[in-house]
Amino acid sequence: MNIRQIRNATMVLNYAGKKFLIDPFLAKKGTYPPYPNTPNQDKRNPTVGLPVPVEEIIKVDAVIVTHLHPDHFDSAAIEILPKDIIIFAQSEIEAETIKKEGFQNVDSLTNISIFGEISLSKTDGKHGIGQIGEIMGEVSGVVFKHIDEKTLYIAGDTIWCSDVQDAINTYNPDVIIVNGGGAQFLQGDPIIMTKEDIHQTYMEAQQSTIIVSHMEAINHALLTRKELKRFIEGKGLSNNILVPDDGEIISF
Ligand SMILES: [Zn+2]
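Residues numbered from 1 in each chain as written. Predicted model: local features only at pLDDT ≥ 70, side-chain atom pairs only at ≥ 80, totals over all residues.

Overview of unusual backbone geometry
So, point 1. Residue proline 46 is reached from asparagine 45 by a cis peptide bond, and omega for that bond is -15°.
So, point 2. Note on placement: proline 46 falls in the loop between β3 (18–22) and α1 (54–57).
So, point 3. The phi dihedral of asparagine 8 is positive, around 55°, even though this residue is not glycine.
So, point 4. Along the polypeptide, asparagine 8 turns up in the loop between β1 (2–7) and β2 (10–15). (Helix = DSSP H or I, 4+ residues; strand = E, 2+ residues; numbered from the N terminus.)

Things to note about the nonpolar core
So, point 1. Counting residues in hydrophobic clusters, the biggest one holds 64 residues, and the most contacted among them are Ile22, Ile64, Ile87, Ala89, Ile176, Val178 and Val212.
So, point 2. If near-sequence neighbours (up to four positions away) are discounted, isoleucine 176 is found in contact with Tyr153, Ala155, Thr201, Ala205, Ser208 and Ile210. (Core = buried A, V, L, I, M, F, W, Y, C linked by C-beta atoms within 7 Å. Buried ≥ 20, exposed ≤ 12 C-beta atoms within 10 Å, placed from the backbone. Contact = placed C-beta atoms within 7 Å.)

Some points on the pairing of strand β11 (residues 175–179)
So, point 1. For β11, the tally of buried residues reaches five of five residues, placing the bulk of the element in the interior.
So, point 2. Residues Val175, Ile177 and Asn179 point to one face of β11 and Ile176 and Val178 to the other, with burial holding for every one of them.
So, point 3. The sheet contact formed by strand β10 (residues 152–154) and β11 spans three bridges and is parallel. When the bridges of β11 are listed, leucine 152 appears paired with valine 175.
So, point 4. The parallel pair β10 and β11 is bridged by helix α5 (residues 162–171), and the resulting crossover is right-handed.
So, point 5. Relative to strand β12 (residues 209–213), β11 is paired through five bridges, and the arrangement is parallel. Bridged to valine 175 within β12 is threonine 209. (Pairing = 2+ DSSP bridges. Right-handed = clockwise from strand over helix to strand, strands pointing away.)

Points about the pairing of β12
So, point 1. Burial runs high along β12: four of the five residues are buried.
So, point 2. In this fold, β11 hands off to helix α6 (residues 195–203), which returns the chain to β12; that crossover is right-handed.
So, point 3. When β12 meets strand β13 (residues 241–242), the two strands line up parallel, connected through two bridges. Bridged to isoleucine 210 within β13 is isoleucine 241.
So, point 4. For the crossover from β12 across helix α7 (residues 225–234) to β13, the handedness is right-handed.

Quick look at the structure:
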């Protein structure tokens, strides 16, 4: 497999001969206002551009949308993606919402478990704790398995929690992609992984390589790649926890 970090949680995955686009957030730099009630109100979203032409990004066999927040499926993606492209949503409700935008081949990961010869398993997560977590709503991840490939677990927009632990225990993944960035509102705790959460994920899955996505692309993501890499180096884990730049490809 190879995984190309595009921007934010958007990635292109080549796995067992199929190409997947994960969480398409395709707008040009600065298209949207900053999220309300968050730090860095002087920055518009996305805060950086796409590292490769959008036409290249969308040439895939299927799209996976882990949840419907606009930094994972935005109005630019709705406009740019071909309406007959195969899309997998986290639930039937979200599949219906995507269909209402005119997409014809949308299914839920709760219904399908095989694509080609690849097994796809939906996993759970928590997009924050307490009231903020409730407001943020349901999120998911997905595990890819194939006889000729290493097992890949994309955790999605979740903090470290028992759902992530359960997925590690159930699927024993070789590669885990987590969403870092430590995004947060002015009140409450982070809504995606902090550097401590990322380290905790590694500690519970020390045979796995951890890849950190969802960095430095939206106004309220406070953890920088530089700070995260320094933290990882300090733990001696630079070969175990990877922090790709936008556009970078990692192969296994
Ligand atoms: Zn997100």
